[in-house]
Every structure is written in C-alpha cells, then in structure tokens.
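Listed here are the chains, written in short residue letters.
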Amino acid sequence: MPLLPGAEPFRHDGGEVGVLVCHGFTGSPQSVRPWAEHLAERGLSVSLPLLPGHGTRWQDMQLTGWQDWYAEVDRALGELRERCSEVFVCGLSMGGALTLRLAARHGDAIKGIVLVNPANKVHGLAAKALPVARHLLPSSKGIASDIAKPGNEEVGYDRVPLHAAHSFRRGLRALDSELPQVTQPLLLLHSPEDHVVPPVDSARILARVSSRDVTERLLEHSYHVATLDHDAELIFDETFAFISRLSAGVGEVGTASRG
C-alpha cells in the first residue's frame, strides 16, 4: 500500500548524540516530524521510524499489535546506538509509552527520555468491552487531529482498528508494571485539556517511575497532538535544552535524509 502523504519515516545523520522519536497510535511520523527536524537542525542524529501498520490504511493496522510496534522502535534504537555515543528517546502518546518500555528495558543505554502526553491506560467502558467488541466490529471512530491550533491536521487514520486497540490496551497494562524500572532523567510535557489521553495518565507515570531527575511542563494552549499545536516550539526548545543539559557531546550539523 502507498504511504499517506507525510507518513514517511525520517532520518538525519548528525553528531555523536542520537535521538529516537516515536509517533502515536493510528498516527504517523508527520505528527512528530517538526520535532525531529528541529533536533536534526541542531546537529543531533535523529531516527523517526514508521510503526508497522501505520501510515497506509487502518485495515493494515488490524494485522499488527503492541509487540510489532515495540520491535520497530527497539530495532531503530539499536541502529542509533551503533553510530552514536549517547542516545535519547522521545515519544508522543503511544510513542511515549513505547519510550517508557525502551527505558525500562535498556537502562543506562538510554541517556534520558522526553514524553509528550504519554498514554498509560485505555480508558472508559468501551475499553473494557474491547475483548469482545473487536470480534463484532472491525473499527470505531478515529482519534486523530486533536489539535487546538486552527488549520493544523494530523496525518492519521479516521478509524481505530479494534484488534490493534485491544493489543495496545494489553501492552499498556504490561508496561505499567515495568514503570518502576525507568530510572533515566525524564522530561514530561502534557496538556491539561487533552481529548485523547487524560492528564491522569501523566500523573500515574510520574508516580510510578523511579527517575530522580524529573521535569514536568504544562502545555496550556494545546490539545493531544501538542507537537503540531500552539505549544510545539515550547516542546522543541525544552527538549533540546534537556538534551544539552545532560550531554556534553552535542554534535555538528549533518545531512537530513528520508526513507
């Protein structure tokens, strides 16, 4: 299947400090590409993979699940570690959840993590019905483009594939028990008004991780896809400042490439 416009993965070979950027559930690299490009322009090596089942049509996502999405970011992390002396991981929404699992499992191999509106739980009565509903209905209403800024849209699916949603829910439940294994410096930015992931998820994550170096920032003017919203520049600047504080090896500008 051809990719949706803007859903292409992004890679930039810069300096010795690498950053893996992870997009969200039913979304695509487009939602976090400006974030990745901002870091690439400042000389960092950046990898932004396209998660399996994403960026084409929602039916393709029905055939994938949590383990597939995690395997892809784990693979991308391994590639980045081979060419960089230090690696950071950033993620939006489900990308934040994948970031936390990478942090829990890779320990000191990850220098620090940045989370934007990270998911911790699939909420509501509909979530409890997923184990049965996914066999009766193929999909439900989409969650893409929760953005306050007029004119900005997220490239994502207009339907949520329920088999994939069920897998996501099970993955989040497993991840919750792994959160105490997260010890890296953490920057968490979240929106008080988010129509996809409630602020209670960020509070739960902060209460469960073992990180001692923790910075929390509120995104007062943005909804869920804050990386495309009014507070995008704040996210980008805070991320680079966080990485610069923790790393003395911020490299020189390289050449960006896609694919």
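An unreviewed UniProt entry lists the chain under the name Alpha/beta fold hydrolase, with Streptomyces blastmyceticus given as the organism.

Asks: Sorry, what's going on with the overall build of the chain here?
Replies: The helix and strand tally for the chain stands at eight helices and 10 strands. Along the longest, intermediate and shortest principal axes, the C-alpha atoms of the chain span 55 × 40 × 35 Å. Carbon together with sulfur atoms contributes 51% to the accessible area of the chain, which is approximately 10,900 Å² in total. A gap of 8 Å separates the mean positions of the 25 positive and 31 negative side-chain charges of the chain.

Asks: Looking at this model, I keep getting lost on the environment of Ala36. Mind explaining?
Replies: By the element assignment, Ala36 lies in helix H1 (residues 33–41). On the basis of relative accessibility, which here comes to 0%, the residue Ala36 falls in the buried class. When the C-alpha positions of Ala36 and Cys90 are compared, they lie 9.2 Å apart, and in sequence the two are 54 residues distant. Those residues in contact with Ala36 that sit more than four places away from it in its chain are Phe10, Val21, Val46 and Leu48.

Asks: I tried to follow the pattern of salt bridges on my own but got confused; where do I start?
Replies: Oppositely charged side chains are able to pair whenever their charged atoms sit close together. In the structure shown here, the tally under the stated rule is 14 salt bridges. With a shortest N-O distance of 3.8 Å, Glu8 and Arg33 are connected by a salt bridge. Of this pair, Glu8 sits in the segment before strand E1 (10–13) while Arg33 sits in helix H1, and the two are 25 residues apart along the sequence. Glu238 serves as the salt-bridge partner of Arg217, at 3.2 Å between the closest nitrogen and oxygen. Here Arg217 is found in strand E9 (residues 214–218), whereas its partner Glu238 is found in helix H8 (residues 232–246), with 21 residues between them in sequence.

Asks: Would you take a moment to explain H8 for this structure?
Replies: It helps to recall that an α-helix has 3.6 residues per turn; residues three or four apart then point in one direction. Taking 1.5 Å per residue, 15 residues should reach 21 Å; H8 reaches 22 Å between its end C-alpha atoms and fits that length. Taken as a whole, H8 has its buried residues at Ala232, Ile235, Phe236, Glu238, Thr239, Phe242, Ile243 and Leu246. Residues of H8 that are buried sit in contact with strand E2 (17–22), H1, strand E4 (86–92), strand E5 (112–116), strand E8 (186–190) and E9.

Asks: What exactly am I supposed to notice about helix H6 (residues 162–178) here?
Replies: End to end, H6 covers 25 Å across 17 residues, agreeing with the expected 24 Å (1.5 Å per residue, within 8%). Among the 17 residues that make up H6, 12 are buried, leaving the element largely enclosed by the rest of the structure. Turning to H6, its buried residues are Leu162, Ala164, Ala165, His166, Ser167, Phe168, Arg169, Gly171, Leu172, Leu175, Asp176 and Glu178.

Asks: Teacher, can you tell me more about the packing of helix H4 (residues 94–106) against H6 here?
Replies: For any two helices packed against each other, the geometry comes down to the angle between their axes and how far apart the axes lie. Following both chains from N to C, one finds H4 and H6 inclined at 40°, their axes separated by 10 Å at the closest point. Taken together, the axes of H4 and H6 are oblique relative to one another. The two elements H4 and H6 cross, and the hand of that crossing is left-handed. Along the contact surface, H4 presents Met94, Ala97, Leu100, Arg101, Ala104 and Arg105, while H6 presents Phe168, Leu172, Ala174, Leu175 and Glu178. Here the contact of H4 with H6 is composed, by residue class, of eight nonpolar, no polar and three charged.

Thresholds, definitions, all that
- Residues numbered from 1 in each chain as written.
- Predicted model: local features only at pLDDT ≥ 70, side-chain atom pairs only at ≥ 80, totals over all residues.
- Heavy atoms only, no water.
- Helix = DSSP H or I, 4+ residues; strand = E, 2+ residues; numbered from the N terminus.
- Areas by Shrake-Rupley, 256 points an atom, 1.4 Å probe, with all protein chains shown as cover.
- Lys, Arg positive; Asp, Glu negative; His and termini not counted.
- Charge placed at Lys NZ, Arg CZ, Asp CG, Glu CD.
- Buried < 20%, exposed > 50% of the residue type's maximum accessible area, 1.4 Å probe, protein only.
- Contact = heavy atoms within 4.5 Å.
- Salt bridge = Lys/Arg side-chain N within 4 Å of Asp/Glu carboxyl O.
- Expected span 1.5 Å × (residues − 1).
- Axes fitted to C-alpha atoms, helices over the stretch in contact; angles between N-to-C directions.
- Parallel < 35°, antiparallel > 145°, perpendicular 65-115°, else oblique.
- Left-handed = near helix turned anticlockwise from the far one by under 90°.
- Nonpolar A, V, L, I, M, F, W, Y, C, P; charged D, E, K, R; others polar.

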